[in-house]
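Observations on the model geometry
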Amino acid sequence: TLYSMPAFWLGLLLVIAVAFSAGSNTGAIFGFICGLIFDLFLTGTPLGLSALAYALTGYAIGMFEGSMLRSGPLVTPIFAAGGTAFGILVFVVGSAILGDAGVTSIRTVGVILVSVLANAAIAPLIFPAVNWAMSDGERIRPGWKAS
């Protein structure tokens, strides 16, 4: 199934990083687009389910990040782990509601655990890269600046 594929986890991590960097609206829009791409190119899942899971995850992460007062070195792995678990659970619950009995197995717990740990481990690399990619291009350079 789709949620057990590492590409699904990495796409979810990318959505989480964008939402963390740019906020809830951008995270939801980016999540919807990424999820729709998964839905269009992969078969076996209902059209729109990945888009829904990614969009809800992007929005939720953006909302939680906006309410934070301080950040530390463990913030990105925590957000990555929580967002990954949330996104996969949305997908699994949606699949179960739509009649896919295969997602309600004990294997799903293992998939969630592995994906949460994997995304939490690589989050400190992905979040700064996404933040850099989304910056406006203005870099602070040492030296004098002509007006």
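So, a few notes on the structure that sits alongside this text. (Residues numbered from 1 in each chain as written. Predicted model: local features only at pLDDT ≥ 70, side-chain atom pairs only at ≥ 80, totals over all residues. Heavy atoms only, no water.)

1. Some thoughts on the overall build of the protein
Defined as follows: Comment: elements are numbered from the N terminus, with helices defined as DSSP H or I runs of at least four residues and strands as E runs of at least two. Throughout, a residue-residue contact means that at least one pair of heavy atoms, one from each residue, lies within 4.5 Å. Values of accessible area rely on a 1.4 Å probe in the Shrake-Rupley scheme; residue burial ignores everything except the protein chains shown.
Scanning the protein from N- to C-terminus turns up 5 helices and 0 strands. Listed N to C, the secondary structure of the protein is α-α-α-α-α in terms of helices and strands. A sequence separation of at least 24 residues applies to 74% of the contacts in the protein between residues at least 6 apart. Surface accessibility of the protein: about 8,600 Å² in total, with carbon and sulfur atoms responsible for 72%.

2. As for helix α5 (residues 106-133)
So the rule is basically this: Given the number of residues in a helix, its expected span is that number minus one, multiplied by 1.5 Å. Bend is computed residue by residue as the angle between axes fitted to the seven residues ending at the residue and the seven residues starting at it. Note on exposure labels: buried denotes an accessible area under 20% of the residue type's maximum, exposed denotes more than 50%, and partly exposed covers the range between, all computed with a 1.4 Å probe on protein chains only.
In a regular helix each residue adds 1.5 Å, so 28 residues correspond to 40 Å; α5 covers 38 Å between its end C-alpha atoms and thus fits that length. Where α5 bends most, the angle comes to about 55 degrees, and this point is A123, followed within four residues by the proline P124. Where α5 is concerned, the buried positions are T108, V111, I112, S115, V116, N119, A120, A123, F127 and V130. Contact partners of the buried residues in α5: α1 (6-22) and α4 (75-97).

3. Comments concerning the nonpolar core
Which entries qualify depends on this criterion: We call a set of buried Ala, Val, Leu, Ile, Met, Phe, Trp, Tyr and Cys residues a nonpolar core when their side-chain atoms join them within 4.5 Å.
Formed by 33 residues in total, the largest nonpolar core has its most connected members in F8, F20, Y54, I61, I88 and F127. Broken down by element, this core gets its largest block of residues, 10 residues, from α1. Beyond its immediate stretch of four places on either side in the chain, F127 contacts L13, I16, A17, F20, T76 and A80.

4. Some points on the packing of aromatic side chains
Going by this rule: Only Phe, Tyr and Trp rings take part, Trp by its six-membered ring, and two of them pair if their centres are within 6.5 Å. Stacked means planes under 30 degrees apart, edge-to-face means over 60, and tilted covers everything else.
Within the structure shown, the criterion is met by 6 aromatic pairs. Measuring from centroid to centroid gives 5.7 Å for F38 and Y54, while their planes differ by 65 degrees, and the two rings are edge-to-face. With a gap of 16 residues between them, F38 in helix α2 (residues 24-41) and Y54 in helix α3 (residues 49-66) connect regions that are remote in the sequence. On the basis of relative accessibility, which here comes to 15%, the residue F38 falls in the buried class.

5. Considerations on the packing of α3 against α4
So the rule is basically this: Orientation is described by axes fitted as lines to C-alpha atoms, over the contacting stretch for helices, and by angles from 0 to 180 degrees between their N-to-C directions. Handedness of a crossing follows from how the near helix is turned relative to the far one, being left-handed for an anticlockwise turn of less than a right angle and right-handed for a clockwise one.
For the pair α3 and α4, interaxial distance at closest approach is 9 Å and the crossing angle is 145 degrees. Remark: the crossing between α3 and α4 carries right-handed chirality. Contact residues: L49, S50, A53, L56, T57, A60, I61, F64 and E65 in α3; F79, G83, F86, G87, V90, F91, G94 and S95 in α4.

6. Let's talk about a nonpolar patch on the surface
Selection rule: Think of a patch as exposed residues, more than 30% relative accessible area, with no salt bridge, where like charges cluster within 9 Å and nonpolar side chains (Val, Leu, Ile, Met, Phe, Trp, Tyr) cluster within 5 Å. By definition here, a salt bridge exists when the distance from a side-chain nitrogen of Lys or Arg to a carboxyl oxygen of Asp or Glu is within 4 Å.
A contiguous nonpolar patch, built from I29, F32, I33, I37, L40, F41 and L47 and spanning about 790 Å² of accessible area, is present on the exposed surface. Its place among the elements puts I29 in helix α2. On the accessibility criterion, I29 (53% relative accessible area) is exposed.

7. A closer look at the side chain of S50
Put simply, the rule reads: For the purposes of these results, a polar contact is taken to be a pair of N or O atoms within 3.5 Å, where, inside protein, one atom must be able to donate a hydrogen and its partner to accept one; residues adjacent in sequence count only when each atom of the pair is a side-chain atom.
Mapped onto the fold, S50 is located in helix α3. Residue classification places S50 among the buried residues on the basis of a relative accessible area of 0%. Only 3.0 Å separates the side chain of S50 from the side chain of D39, close enough to count as a polar contact.

8. With respect to the packing of α1 against α4
Rule in force here: Convention used here: angles under 35 degrees read as roughly parallel, angles over 145 as roughly antiparallel, angles from 65 to 115 as roughly perpendicular, and any remaining angle as oblique.
The N-to-C vectors of α1 and α4 enclose an angle of 125 degrees; their axes lie 9 Å apart at closest approach. As judged from the angle between their axes, α1 and α4 are oblique. In terms of crossing hand, the pair formed by α1 and α4 is right-handed. Only V75, T76, F79, A80, G83, T84, G87, I88 and F91 of α4 make contact with α1, whose side of the interface consists of F8, W9, L12, L13, I16 and F20.

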